[in-house]
Amino acid sequence: LTAVRNYGGVLEHPADSHAWDYFGLVKPRRGMGWITSDNYGGWSCYVEQGHYGHIARKGTWLYLNGYDITQPLPELPVTRCEQRLPAYAVERYGYEKARRIGVMAAIGGKDKERIRDATPPAFRDLLISIAREANQQRRAA
């Protein structure tokens, strides 16, 4: 957080984690886009990595700092990502139970944790481009 505040960039963290409370940041809300997050020029946003290819919705909070306030902030999808349920899980358990257990539980196997924790390349690339732009804007200021 200190590095992002000092040099500009973006911080990604699982949605609804305790980090925002711990650091006194204003929590982003689903569907709201970027909101002012602190008194240090920071912005927060809720986004779902499913929009970028993750198998689950994977709600994520972003903290951004270093953007010139006269420039528009990066546009991100703020809508809920479509729910993806394996057809076999819906067939086996019915829609309601398949929805409750979720797509990750239906996958199973030893790779479940790796799949859940992975960041889709498209989302990774977006975060890198946002961080670069914030750093360039901070250096230009």
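Attention here is on the structure that accompanies the text. By convention here, each chain's residues receive numbers from 1 onward along its written sequence. Residues qualify for local features only when their pLDDT is at least 70, as the model is predicted, and side-chain atom pairs are given and counted only at 80 or more; totals for whole chains, interfaces and linings, by contrast, use all residues. Working from all heavy atoms in the structure, the side-chain values ignore hydrogens and water.

### Notes on the overall build of the chain
A run of H or I in DSSP counts as a helix once it spans at least four residues, and a run of E counts as a strand once it spans at least two, with each numbered from the N terminus. Helix and strand counts for the chain come out as six helices and four strands. In sequence order, the secondary structure elements of the chain are arranged as α-β-α-β-β-β-α-α-α-α. Considered along the principal axes of its C-alpha atoms, the chain spans approximately 60 × 25 × 25 Å. Three exposure classes are used, based on accessible area relative to the maximum for each residue type with a 1.4 Å probe and protein chains only: buried under 20%, partly exposed in between, and exposed over 50%. For the chain, buried positions account for 36% of its 141 residues. Pairs at least 24 residues apart make up 59% of the contacts formed inside the chain by residues separated by at least 6 positions. Should any heavy atoms of two residues lie within 4.5 Å, those residues are counted as being in contact.

### Considering helix α6 (residues 121-140)
Its 20 residues place the ends of α6 28 Å apart at the C-alpha level, agreeing with the 28 Å of an ideal helix rising 1.5 Å per residue. When α6 is considered as a whole, its buried residues turn out to be Phe123, Leu126, Leu127, Ile130, Ala134 and Gln137. Each buried residue of α6 sits inside an arc of 95° when the element is viewed along its axis, so together they form one side. Opposite the packed face of α6, turned more than 90 degrees from it, sit the exposed residues Arg132, Arg139 and Ala140. The span expected for a helix works out to 1.5 Å for each residue beyond the first. Our arc is simply the arc of the directions from the helix axis toward the C-beta atoms.

### Structural notes on the pairing of strand β3 (residues 43-48)
Of all six residues making up β3, five are buried, and the element is well covered by its neighbours. Pairing analysis gives two bridges linking strand β2 (residues 35-36) to β3, with the strands arranged antiparallel. The residue bridging isoleucine 35 from the neighbouring strand is serine 44, located in β3. Here β2 folds back onto β3, and the loop between the two strands holds six residues, one of which, glycine 41, carries a positive phi near 85°. Bridging between β3 and strand β4 (residues 59-65) involves six bridges; their strand directions are antiparallel. Counterpart to glutamate 48 in the pairing with β4 is glycine 59. Whether two strands pair comes down to DSSP finding at least two bridges between them.

### Points about the nonpolar core
With 14 residues, the main nonpolar core has Leu62, Leu64, Leu76, Phe123 and Ile130 as its most contacted residues. For this core, the element with the most residues is α6, which contributes five residues. Excluding anything up to four places from it in sequence, isoleucine 130 contacts Val10, Leu64, Tyr67, Pro74 and Leu76. Residues belong to a common nonpolar core when they are buried Ala, Val, Leu, Ile, Met, Phe, Trp, Tyr or Cys residues joined through side-chain atoms within 4.5 Å.

### Comments concerning the environment of alanine 87
With respect to the element layout, alanine 87 can be found in helix α3 (residues 87-93). For the pair formed by alanine 87 and alanine 98, sequence separation is 11 residues and the distance between their alpha carbons is 9.3 Å.

### Considering the sheet that holds strand β1 (residues 9-14)
Taking strand neighbours across the sheet as the criterion, the four strands line up as β1-β4-β3-β2 in an open arrangement whose pairing is antiparallel. In this open sheet, the two strands that pair with only one neighbour each are β1 and β2.

### Some thoughts on the pattern of salt bridges
A carboxyl oxygen of Asp or Glu within 4 Å of a side-chain nitrogen of Lys or Arg is what we treat as a salt bridge. Tallied over the entire structure, the rule returns five salt bridges. Between aspartate 16 and arginine 30 there is a salt bridge, with its nearest N and O atoms 3.1 Å apart. Highlighted residues: aspartate 16 in the loop between β1 and α2 (19-23) and arginine 30 in the loop between α2 and β2, separated in sequence by 14 residues. In this structure, aspartate 125 engages arginine 124 in a salt bridge whose closest nitrogen and oxygen atoms are separated by 2.9 Å.

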